[in-house]
Structure formats: structure tokens, C-alpha cells
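# Structural description and commentary
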Amino acid sequence: MKQKVRIDPALCEGHGRCYALCPDLFTDDESGYGVVRDGIDLSTPTVLASAQSAIAICPESAISIVTTDE
Amino acid sequence: LLVWGDDVSAEPALDELFNYDHRSSKAIVSPFDLWKQMRRECPVSHSDAYGGFWFTTRYDDVKSVLADWQNFSSAQGATIPNMPFRFLPQHMDPPLHRSYRALLNPPLSPREVRRFEGWMRELARKYVRELDVDGFDVCQDYVYQYAQRVALRVIGFDAGDIERLYHWTEVLAISDRQDESSLRASAELGQFLSDILVQRAAEERRDDLISLLVDAEIDGAPLTAEQAQSVLALLTFGGLHTTSTALATALVWLADHPEDRARLERDPSLYDTAIDEFVRFSSPVAHIARTMTADVEFEGRELKEGDKVLIGILSADRDETEFADPDIAQLDRSPNRHVGFGVGPHRCVGAHLARQTIQIGIEEFLQAMAKFSITDHHAIRFTGGEGRDLVNAPMKGTRR
């Protein structure tokens, strides 16, 4: 079980708040939509706090923390 | 004395009391107390103006209306009264809308926009340098000169066309679109856009949006001349009538709040939140309209298929239930889930360019000026339609 940051592609409209304000966790694709960077470790408290602030700022509520089986 | 049958209910006839008109001088000059009262007492009101429409003012309602494109459609227009012609893809719904955005998003992505930084800074510096600092209008002499030229260049118009384009779009933005001057502006603008697309199709391609439109395909089929013209019309309106107001609002705020100016200069990382805060605070597209595709009960009101709905974007962005101290620009505001760029499928396609235009516009102005202040707050002037454009703000200052 592992916790991951996820952007729901059906909800993301490319506001770009996540990668502007939390560039350590997010970047943009060629159309301006948000992308979660590889190797994000949510067990690090500062990373988790950054992920939570990204969840709070997304205008489309497209970002969440999900639990996966990996 | 009251007689039997008289209405003695406590409910005032709020719809009649407000009878909201976004083109009234009240809504343009000082709408904030009115919207606050409407959010509290009558969040969805009905107006008799322009054949009748609903007006929604609360943050939560505005967000849900913008996201619910199935019931609140854009395909019948986004203004009240309607524009004389259709803008694409603003005046369409998903899924076709998405194909247009697939065309327009990539050339306006943050990466692409960053390539423009050098010439944008040059342009800002030129217009700051030319200011007569003993007395200038920060809107007309600096902000509009710079920000509109940025938009024109990205779209691909010649700088010499700025005055004509501004005139036509201004007439259509603030008029009721029925009078003779609107119809003339509409015809002239349409012809101009059509001519430029024909002309540019015959020329070598350039690095601009007109070149993109000339060769564009939507779902495998080339754009027709009318479709390309309608996209170009939307880009022109978006470029000329929005960003300038956010930038001008920022500079007026900083003139009145030198402590905030000092904070920005001490800590430039504050720009990350400050830009969106100025967009929230000004929300230049103050209103936008939708048309009901079904009967829907909303905030206790019965909205019927075909009804027009006016969405109070700027009211939502000043809603005290979402934003603490909403009438203050807090440069470090976070979270800041404002709706100034819209929400849902129609979110502003030029948002990344707008942010960069605003930031460079502030940076270059602060860089050049030791001090600046408003010389007459009475002379700060807005014009209005659906948008609320800040068009005059007299200042004086000293250079560094």
C-alpha cells in the first residue's frame, strides 16, 4: 500500500496553480495541464504538507491523495 | 389601513427591489455593497432588464453553474444582450469545445508563453520610459499601451491596428449591441478579421495565432473561414479587454499601499500568489452569461429551459464566505480558488499569458519608479458591460 498524489485528467482544466505554487510536486504538460512529478514521497512531512496545499488551491478540486496497491 | 387580501408577508419583493442591470452606473461604479446584499438576501434574483434574466452572486453557486455546462449552456451566447456574432469556442459546449481547446491550449501554455518574456519586458520598459511622470494616466499611458500590444503580437495583428481593434471591441463590449454603432462596429470588425485571415493564408507562416488558425483542423477537418473568424474574434476580445484591468488594478492598489510594494520588492516570490490575488480582486470579466437547457430548481428558484442566467464572477470573487476580508488585496492569499479566469471547460485560455503580462507589467513599473501615487481618486473610472474595465487612473511619480 502506498499513498500517491493524483490529478484527475477529467477535472483538470489547466489553471496551473499546482505547478506554479508547488513546483516540487507538479509540472506542466505541453498544453498547460498539471502533471505529478515522479518519485514523490508523501511520507516526508514537508512533501505531504505541500500536496495538501495543492489540494486546497486547485480551482477544479482535481487533485487528491489516493492509496494504491503498489 | 390594510384591508383583507393585502400582502402583509415580511418578504419584500426583492426581485423588484434589485432588478439588476449590469450596465447601470451603480453596477459599474460601486457594485460591491449591492452584491453583498444580494448574496445575503437574494442570491439568485430575477431581473426584467433585456427581456429578463436570472442573476447569481454567491461563490458556491457561481462555481457550480460554471461547472454544470450540461444545464447551463454557452451555445446560445455568453452576454446579455447577445453579441451580434458567435465567438468560438466560447459559445459552444463540450465535446466539440474540447477539440477547439486542444488547438488553442498548446500555443498558450506556460512553456510557450515564457518564450515571450524578453520582448514583453522590452515593450513594458518602452512605455514606462515614455511616461511623463509629473502627470500620467497609468491605464491609458502605460497599461493599455503595453498589455494590448502584448496580446496583439501574440495573436499576430500589426501594432498599427490597435486603435481600430480597440474601438470596435469597446463598442461591442459596453453597448447593448442593438444600436447603430454596435452594428457598424460588428460589420467592420468582421470584415477586418476576414480580410486578415485571407491575406495571411497567402503569406509565409509566422509564429503567431493567426498563422495557427490559417492551417488549423478540428477533428480532422479544416476550419472554415467563418469558424476561424469567430475564434479570432474571441482572441481579440480576450486579449484587449481583460488583462489590462487586472494590471491597472494592481498598480492602483500598490500606489495606495506602499507597504505592499515594499513587500513585493523585498520578496519577489510573493508574485506567485499576488498575481492571482489581483486577478481575484479585479475579476475583469465581472459577469458572464449562460442559457438553461432544462428546467432546474436552483437556490429555491425555478429556472426554466431557455432562461438566461447572468453569473456574477466578480461578486463570487468578493464573497466573504469563501475569502476572508474579500475587499482587501492580500498579496499572500492562499488558498485562493478564485473564479477570475473562470472554472470548468471555458476557463480562460490566455490565463498563463495574462499572468506573465501582469507580473512583467508590475515589475518593470516598480523597477523604474521611486515613488508613485494617485493624484485624484475621483477620476478613477470604470466602463462596464459584462466586463468591468478600469480605464482611467491619474498618477504622478518620481523615477529612480
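This text gives an overview of the structure that appears in the document.

About the cut-offs
Residues numbered from 1 in each chain as written. Chains lettered and ligands numbered in written order. Predicted model: local features only at pLDDT ≥ 70, side-chain atom pairs only at ≥ 80, totals over all residues. Heavy atoms only, no water. Salt bridge = Lys/Arg side-chain N within 4 Å of Asp/Glu carboxyl O. Helix = DSSP H or I, 4+ residues; strand = E, 2+ residues; numbered from the N terminus. Contact = heavy atoms within 4.5 Å. Buried area = accessible area lost by both parts, 1.4 Å probe. Polar contact = N/O pair within 3.5 Å; in protein donor to acceptor, adjacent residues only side chain to side chain. Nonpolar A, V, L, I, M, F, W, Y, C, P; charged D, E, K, R; others polar. Buried < 20%, exposed > 50% of the residue type's maximum accessible area, 1.4 Å probe, protein only. Pairing = 2+ DSSP bridges. 1 Å grid on protein atoms, 1.4 Å probe; cavity = no way out; pocket = protein on both sides within 12 Å on 5 of 7 lines; lining within 4 Å. Points joined across faces, edges and corners; volume = space filled by probe spheres on them.

What follows deals with the pattern of salt bridges. All names here are of chain B. Within this structure, the stated rule accounts for 30 salt bridges over all chains. The partner of R125 in a salt bridge is E364, with the nearest N and O atoms 3.0 Å apart. In this pair, R125 is assigned in helix α7 (residues 117–129) and E364 in helix α17 (residues 351–368), connecting sequence segments 239 residues apart. As a salt-bridge pair, D332 and R263 come within 3.5 Å of each other at their nearest N and O atoms.

In this complex, chain A contributes 23 residues to the contact, which on the side of chain B involves 22 residues. Counting the surface lost from both chain A and chain B, the interface buries some 1,700 Å², and carbon and sulfur atoms represent 41% of this. Ranking the residues of chain A by area buried against chain B places E13(A), H15(A) and R17(A) at the top, with a combined share of 29%. At the junction of chain A and chain B, the tally comes to two salt bridges. For R111(B), the salt bridge identified is with D28(A), shortest N-O distance 3.6 Å. Viewed at the interface, chain B and chain A are joined by twelve residue pairs in polar contact (both at pLDDT 80 or more). Contributing elements (two or more residues each) for the side of chain A that touches chain B: α1 (17–21) and α2 (45–57) of chain A. The leading source of residues in the side of chain A that touches chain B is α1(A), at four residues. Within the side of chain A that touches chain B, the residues separate by chemical class into eleven nonpolar, six polar and six charged.

Time to look at unusual backbone geometry. All names here are of chain B. Following I80, the chain continues into P81 via a peptide bond in cis, with omega recorded as -10 degrees. Within the fold, P81 resides in the loop between β3 (72–73) and α5 (96–104). Cis peptide bonds are those with omega within 30 degrees of zero, and the linkage from L88 to P89 qualifies with 0 degrees. Among the secondary structure elements, P89 is positioned in the loop between β3 and α5. Positive phi outside glycine occurs at Y50, with the angle close to 55 degrees. Secondary-structure assignment places Y50 in the loop between β1 (44–47) and β2 (53–56). Given the relative accessible area of 33%, Y50 is considered partly exposed. Phi is positive for S283, close to 30 degrees, though the residue is something other than glycine. Inspection of the secondary structure assignment puts S283 in the loop between α15 (271–282) and β7 (287–292).

Glancing now at the pairing of strand β13 (residues 388–392) of chain B. Residue and element names in this part refer to chain B. Most of β13 sits inside the fold, with five of its five residues counted as buried. Summarising the sheet, strand β12 (residues 381–384) and β13 pair through four bridges and their orientation is antiparallel. Residue pairing for β13: F382 is matched across the bridge by L390. Counting the residues that bridge the hairpin from β12 to β13 gives three residues.

A separate point is the layout of surface pockets. Of the voids in this model, the largest pocket is the one considered here, and its volume is about 550 Å³. Residue assignment for the lining of the largest pocket shows that the elements contributing at least two residues are α1 and β2 (26–28) of chain A together with α6 (110–114), α7, α15 and α17 of chain B. By residue number, the principal contributor to the lining of the largest pocket is α17(B), which donates six residues. Classifying every residue of the lining of the largest pocket gives nine nonpolar, five polar and ten charged. Along its surface, the second largest pocket is lined by 18 residues, and V252(B), F281(B), I380(B), F382(B) and R388(B) are the ones closest to its centre. Put simply, the parts of the chain that give the lining of the second largest pocket at least two residues each are α13 (243–256), α15, β12 and β13 of chain B. It is α13(B) that provides the largest number of residues to the lining of the second largest pocket, a total of five residues. Residues of the lining of the second largest pocket, tallied by class, amount to nine nonpolar, five polar and four charged.

The values reported here are purely geometric and, on their own, carry no functional implication.
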